[in-house]
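# Structural description and commentary
For reference, the chains in residue letters:
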Amino acid sequence: MDAFYASVEQRDNPSYRGKPLVVGGSPNQRGVVAAASYEARKFGIHSAMPSITAIAKCPGLIFVRPRFDVYREISAAIHAIFKRYSDLVEGVALDEAYLDVTENRQNIPYASTIARHIKTAIFQETQLTATAGVSINKFLAKMASGQNKPNGLTMILPEDAIAFVEQLPIEKFHGIGEVTAAKMHSLGIDTGADLKMRSLLELTHHFGKAGQYYYKIARAEDDRPVEGNRVRKSIGAETSFANDLSDVGQMLQELEQIAQIVEQRLEQHETRGRTLTLKVKFSDYHQITRSKTMLAPISELSMIFEIAKALFESIDLENRSIRLLGISLSNLDNAKQTQVIQLPLFQNAGIVF
């Protein structure tokens with residue numbers, strides 16, 4: 001979906017249309033942006049950004065509190081549209097899903113035709129636009145879906161897959177964030193072609209288990225199936241810092257922002273968790289985790305941050321700087337959660353309209 005939460009708010013309130021808007025917490029309460037309209041994105045505003053930073057970039061920015069009950073209702077209606085075409089639907093979040101349409105209910109021979117039908121039905125039934133990506137595997141479809149937004153449809157054909165990946169800037173790869181991209185650049189890896197030249201041994205040496213993933217996607221390979229009933233085991237968020245943090249006060253401030261994102265995601269998925277895990281990665285890439293299991297499940301920001309802060313303060317920093325912080329909740333108490341988090345990408349490909 002295109003800027004889903006923000007687009008819903010603009011649909012339901014005509015006075016918001018055409019204006020920079022974010023869904024999220026107030027800047028006066030150290031809130032976090034959950035979603036930004038396309039008008040707000042022109043100012044460099046994006047999800048997970050502190051609201052106080054967003055308002056500094058755009059003083060006239062409109063803030064709207066999330067209405068997750070409304071977003072969930074619309075998401076359910078969109079998933080019902082998906083089910084008209086395929087039983088293999090893997091929800092990624094309320095606003096995103098993978099569909100395997102190799103065998104489809106309407107015996108339509110072309111995936112691009114199905115994508116056009118789905119986009120049309122979504123707009124007719126919700127007055128919202130969606131962008132689709134079509135390709136031979138989840139990795140390529142994911143990247144195609146980020147191209148030509150909003151209201152686009154992009155297809156990467158099998159014969160174009162290798163060339164597409166080879167010319168792709170490394171920071172555009174799904175699963176490669178800002179910090180990892182910077183490390184790859186330092187190793188002379190700037191494009192997919194550069195990545196493809198590196199051996200599996202070299203990539204796992206520098207990036208651990210993730211190196212196996214990078215090795216495959218550099219060759220346009222992704223054998224993950226679309227899983228229609230994948231059960232979510234945890235919900236969390238983490239932040240990698242472009243510059244390592246050495247000030248404890250700043251670390252705690254970042255930890256609170258992460259806790260707010262986790263709270264939003266728990267509310268979005270109507271669930272709570274009993275085990276909270278804190279993840280800390282130091283500047284030397286050494287990583288540790290600390291966990292605590294509660295008698296009762298939690299979802300409130302105050303509890304999430306309080307427990308995460310206590311776990312953090314139990315760590316002996318030894319004057320070490322930190323490059324990543326993360327919080328996750330597991331032992332979820334709502335068995336109907338069936339979604340998995342992924343990340344967006346884009347790059348040129350054949351466009352089908």
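Being a predicted model, the structure only gives us computed values, none of them experimental. (Residues numbered from 1 in each chain as written. Predicted model: local features only at pLDDT ≥ 70, side-chain atom pairs only at ≥ 80, totals over all residues. Heavy atoms only, no water.)

As enumerated under the stated definition, the model contains 18 salt bridges in all. The residue Arg272 makes a salt bridge to Asp333 at a minimum N-O spacing of 2.9 Å. Here Arg272, found in the loop between helix 12 (248–268) and strand 9 (273–282), pairs with Asp333, found in the loop between strand 11 (322–332) and strand 12 (350–351); they are 61 residues apart in sequence, far enough to count as distant. You can call Arg272 partly exposed: its relative accessible area is 35%. (Salt bridge = Lys/Arg side-chain N within 4 Å of Asp/Glu carboxyl O. Helix = DSSP H or I, 4+ residues; strand = E, 2+ residues; numbered from the N terminus. Buried < 20%, exposed > 50% of the residue type's maximum accessible area, 1.4 Å probe, protein only.)

Overall, mixed pairing links the three strands, which are arranged 2-1-3 in an open sheet. Whereas interior strands pair on both sides, the edge strands pair on one side only; in this sheet they are strand 2 (33–36) and strand 3 (62–64). Put simply, the sheet's adjacent strands are angled 30 degrees from each other on average, direction ignored. In the sheet, strand 1 (residues 21–24) pairs with strand 2 via three bridges, with the strands oriented antiparallel. What sits directly across from Val22, in strand 2, is Ala36. (Pairing = 2+ DSSP bridges. Axes fitted to C-alpha atoms, helices over the stretch in contact; angles between N-to-C directions.)

Counting residues in each nonpolar core, the largest one holds 33 residues, and the members touching the most others are Leu255, Leu276, Ile304, Phe312, Ile322, Leu325 and Ile327. Counting residues per element, the ones that place at least two in this core are strand 8 (234–245), helix 12, strand 9, strand 10 (287–298), helix 13 (301–313) and strand 11. Considering every element that reaches this core, the biggest residue donor is helix 12, with eight residues. Those residues within four positions of Ile304 in sequence are excluded, and the remaining contacts are Ala259, Val262, Glu263, Leu266, Leu276, Ile298, Ser299, Ile327 and Leu329. Of all hydrophobic cores here, the second largest spans 30 residues; its members include Leu21, Val70, Val89 and Leu128. (Core = buried A, V, L, I, M, F, W, Y, C linked by side-chain atoms within 4.5 Å. Contact = heavy atoms within 4.5 Å.)

So, about the side chain of Asp222. Looking at the element boundaries, Asp222 is found in the loop between helix 11 (210–217) and strand 8. The class for Asp222 is buried, based on a relative accessible area of 14%. Separated by 2.6 Å, the side chains of Asp222 and Arg224 make a polar contact. Those residues in contact with Asp222, other than ones at most four positions away along the chain, are Asn137, Lys138 and Phe139. (Polar contact = N/O pair within 3.5 Å; in protein donor to acceptor, adjacent residues only side chain to side chain.)

Describing an aromatic ring pair means giving the distance of the ring centres and the angle of the ring planes. Following the criterion strictly, the structure yields eight aromatic pairs and no others. Both rings, one in Phe4 and one in Tyr71, keep their centres 6.2 Å apart while their planes meet at 55 degrees; by these two values the pair is tilted. Here Phe4 is found in helix 1 (residues 4–12), whereas its partner Tyr71 is found in helix 4 (residues 68–83), with 67 residues between them in sequence. For the pair Phe4 and Tyr71, one class covers both residues: buried. Residues Tyr5 and Phe68 carry aromatic rings whose centres are separated by 5.6 Å and whose planes lie at 85 degrees to one another, so their mutual orientation is edge-to-face. Of this pair, Tyr5 sits in helix 1 while Phe68 sits in helix 4, placing them 63 residues apart in sequence. A relative accessible area of 7% means that Tyr5 is categorised as buried. By relative accessible area, Phe68 is classed as buried at 2%. Among the aromatic residues, those joined into a ring-pair cluster are Phe4, Tyr5, Phe68 and Tyr71. (Phe/Tyr/Trp six-rings, centres within 6.5 Å; stacked < 30°, edge-to-face > 60°.)

Before going further, it helps to spend a moment on the UniProt feature "active site" (unreviewed entry) in the protein chain. Here, UniProt's "active site" (unreviewed entry) annotation points to Glu96. Turning to its location among the elements, Glu96 is positioned in strand 5 (residues 96–99). Setting aside residues no more than four positions away along its own chain, Glu96 makes contact with Gly91 and Lys142. (UniProt positions renumbered as here; feature names shortened; annotations may be inferred.)

Glancing now at the UniProt feature "domain: UmuC" (unreviewed entry) in the protein chain. What UniProt calls "domain: UmuC" (unreviewed entry) maps, in this numbering, to residues 1–177. Annotated as 37% helix and 15% strand, the span residues 1–177 places its first and last C-alpha atoms 22 Å apart.

Moving on: unusual backbone geometry. The step from Lys149 to Pro150 runs through a cis peptide bond, and the omega angle for that step is 0 degrees. Counting through the fold element by element, Pro150 comes out in the loop between helix 6 (138–145) and strand 7 (153–155). Here Ala48, not a glycine, exhibits a phi torsion of approximately 75 degrees, which is positive. Turning to its location among the elements, Ala48 is positioned in the loop between helix 2 (38–41) and helix 3 (51–57). The residue Ala220 is not glycine, and still its phi comes out positive at about 60 degrees. Structurally, Ala220 is set in the loop between helix 11 and strand 8.

What follows concerns the confidence of the model for the protein chain. On average, residues of the protein chain score 90 in pLDDT, and 94% of them are at 70 or above. Of all helices and strands in the protein chain, the one with the weakest mean pLDDT is strand 12 (32), whereas helix 5 (residues 111–126) scores best (98). Low pLDDT, under 50, characterises residues 335–353; the stretch is placed with 74 contacts to residues that sit more than four places away or in other chains. (pLDDT = per-residue confidence, 0-100.)

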